[in-house]
Amino acid sequence: MMKFDIITIFPGIFDSWVKESIIARAQKNKLIKIKAHNLRKWAKDRHQTVDDRPFGGGLGMVLKVKPIFKAVSALKNRKTKIILFTPRGKKFNQKMASKFSKLDQLILICGRYEGVDERIAKYIADEKVSIGDYDLMGGALAAMVVIETVARLIPGVIGKPQLLKERITKQKGFIEYPQYTRPEVFSPKKGVKWKVPKVLLSGHHKKIQDWRQKHGKVVE
Ligand code: SAM
């Protein structure tokens, strides 16, 4: 069972997400376990302080190194990767997800406010990960993006894949092909027909596989 341990100051953000759909079922079937830990648990002063003002001045607060160091030390198991979310990190992609899906545990550090003390990036994190070239308010959405992408690669999480689909998606860095469902022809207005590609209606498995391979996307 793969464990996802999220370190955050807003664990409540994850409450409904973990209770819905495939993520909930995968946890029930003991294929994955997701736990959002409140960072304040590792801040032992009276006010459970997890942030402080930045050296050099500036607006906003920065998450302190000590509580995060303690949280990671308490949560770390074997075959773990410690991920720090930062917009300056390596851009997350399918290939990275495939690598992560082979691990026993991911520890996901979510920043907030003005970010985290850079010593976390330098000495604690194994990987600095960004989900895109934009600034979010915090790492929670990034954690959900990474967990959903990794979890669906774990055998059994998205149900029993048909052989055909499995063969294609097993490729590292392969993003799936487009899908269609009934009706075969949809007419949004008179004289206009939106059709399903013929090959998908052919029942010819090899041709369907080739079409899907061609229309998927391979990422580096
Ligand atoms: N200047 C800060 C930095 O460079 O880390 C940005 C702080 S941002 C407002 C607050 C937190 O949101 C970050 O510490 C990070 O954890 C998360 N975050 C923001 N944008 C992100 C992105 N594109 N990918 C992943 N995490 C992001």
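Residues numbered from 1 in each chain as written. Predicted model: local features only at pLDDT ≥ 70, side-chain atom pairs only at ≥ 80, totals over all residues. Heavy atoms only, no water.

1. Considering the nonpolar core
The line we're drawing: Buried Ala, Val, Leu, Ile, Met, Phe, Trp, Tyr and Cys residues that are joined via side-chain atoms within 4.5 Å together make up what is termed a nonpolar core. Residue burial is assigned from relative accessible area. The probe radius is 1.4 Å, only protein chains are included, and a residue is buried under 20% of its type maximum, exposed over 50%, and partly exposed in between. Helix and strand labels come from DSSP, where a helix needs a run of H or I of at least four residues and a strand needs a run of E of at least two; each type is numbered from the N terminus. Any pair of residues with heavy atoms lying within 4.5 Å of one another is described as a contacting pair.
Judged by nonpolar contacts, the single largest core of 31 residues is most densely connected at Phe4, Ile32, Ile34, Phe85, Phe100, Leu106 and Leu108. Sorting the residues of this core by element identifies strand 1 (2-8), helix 1 (21-28), strand 2 (32-38), strand 5 (80-91), helix 3 (94-100), strand 6 (105-109) and helix 5 (140-151) as the ones contributing at least two each. At eight residues, helix 5 tops the list of elements feeding residues into this core. With sequence-adjacent residues up to four places away left out, isoleucine 34 is seen in contact with Phe4, Ile6, Trp17, Val18, Ile23, Gln27 and Ile147. With 20 residues, the next largest nonpolar core counts Ile9, Ala43, Leu84 and Val116 among its residues.

2. Concerning the domain arrangement of the chain
The cut-off we apply is this: These domain limits were set by an automatic method or by a database of domain assignments.
Each assigned domain of the chain is listed with its residue range as follows: domain 1 (2-151) and domain 2 (177-219). For domain 1 versus domain 2, the separation of C-alpha centres amounts to 39 Å.

3. Description of the environment of lysine 90
Along the chain, lysine 90 turns up in strand 5. For the pair lysine 90 and valine 50, spaced 40 residues apart in sequence, the C-alpha separation works out to 26 Å. Residues within four places of lysine 90 in sequence aside, it is in contact with Met96, Lys128, Val129 and Ser130.

4. Side note on the layout of surface pockets
We count it as follows: A cavity here means a set of 1 Å grid points, computed over protein atoms only, where a 1.4 Å probe fits but cannot escape. A pocket is an open set with protein on both sides within 12 Å along at least 5 of 7 lines, and lining residues have an atom within 4 Å of a point. Grid points are joined across faces, edges and corners, and a volume is the space filled by probe spheres set on the points. Note that Gly is not counted as nonpolar here; it falls among the polar residues with everything else outside the nonpolar set of Ala, Val, Leu, Ile, Met, Phe, Trp, Tyr, Cys and Pro and the charged set of Asp, Glu, Lys and Arg.
Estimated volume of the largest pocket: approximately 720 Å³. Lining of the largest pocket is provided by 35 residues; of these, Arg88, Arg112, Glu114, Gly115 and Val116 occupy positions nearest its centre. Counting residues per element, the ones that place at least two in the lining of the largest pocket are strand 4 (62-63), strand 5, helix 4 (118-124) and strand 7 (127-130). Ranked by residue count, the leading element in the lining of the largest pocket is strand 5, at five residues. Per-class residue counts for the lining of the largest pocket are 17 nonpolar, seven polar and eleven charged.

5. A closer look at the site of the ligand
To be explicit about the condition: Any residue with a heavy atom positioned within 4 Å of a molecule or strand is treated as near that molecule or strand. Distance and chemistry together define a polar contact, namely a pair of N or O atoms within 3.5 Å, with one atom able to donate a hydrogen and the other to accept it when in protein, and with adjacent residues in sequence counting only for side-chain atoms on both sides. Areas reported as accessible are Shrake-Rupley estimates using a 1.4 Å probe. Residue values count occlusion only from the protein chains shown. Put plainly, a molecule is in a cavity or pocket when over half of its atoms are within 2 Å of the grid points there.
Neighbouring the ligand are 20 residues; Phe85, Arg88, Gly111, Tyr134 and Leu136 lie closest to it. Contact distances for the ligand include 2.9 Å between an oxygen atom and a backbone N or O atom of glycine 111. Taking leucine 136, its main chain carries an N or O atom lying 2.9 Å from a nitrogen atom of the ligand. Relative to its free-state accessible area of 560 Å², the ligand is covered by the protein chains to the extent of 88%. When atom positions are compared with the pocket grids, the ligand is found to occupy the largest pocket. Residue assignment for the shell around the ligand shows that the elements contributing at least two residues are strand 5 and strand 7. Top element by residues in the shell around the ligand is strand 5. It accounts for four residues. Of the residues assigned to the shell around the ligand, the class counts are nine nonpolar, seven polar and four charged.

6. Concerning the sheet that holds strand 1
Applicable threshold: At least two DSSP bridges between two strands are required for those strands to pair. Axes here refer to lines fitted to C-alpha atoms; in helices the fit is confined to the stretch in contact. Angles between the N-to-C directions go from 0 to 180 degrees.
If you walk across this open sheet you meet the five strands as 2-1-6-5-7, and the pairing is parallel. Each edge of the sheet is formed by a strand with only one pairing partner; in this case those strands are strand 2 and strand 7. The average undirected angle you get between the axes of adjacent strands in this sheet is 30 degrees. Bridge count between strand 5 and strand 7: five bridges; the pairing is parallel. Considered in strand 7, the bridge of phenylalanine 85 is made with valine 129.

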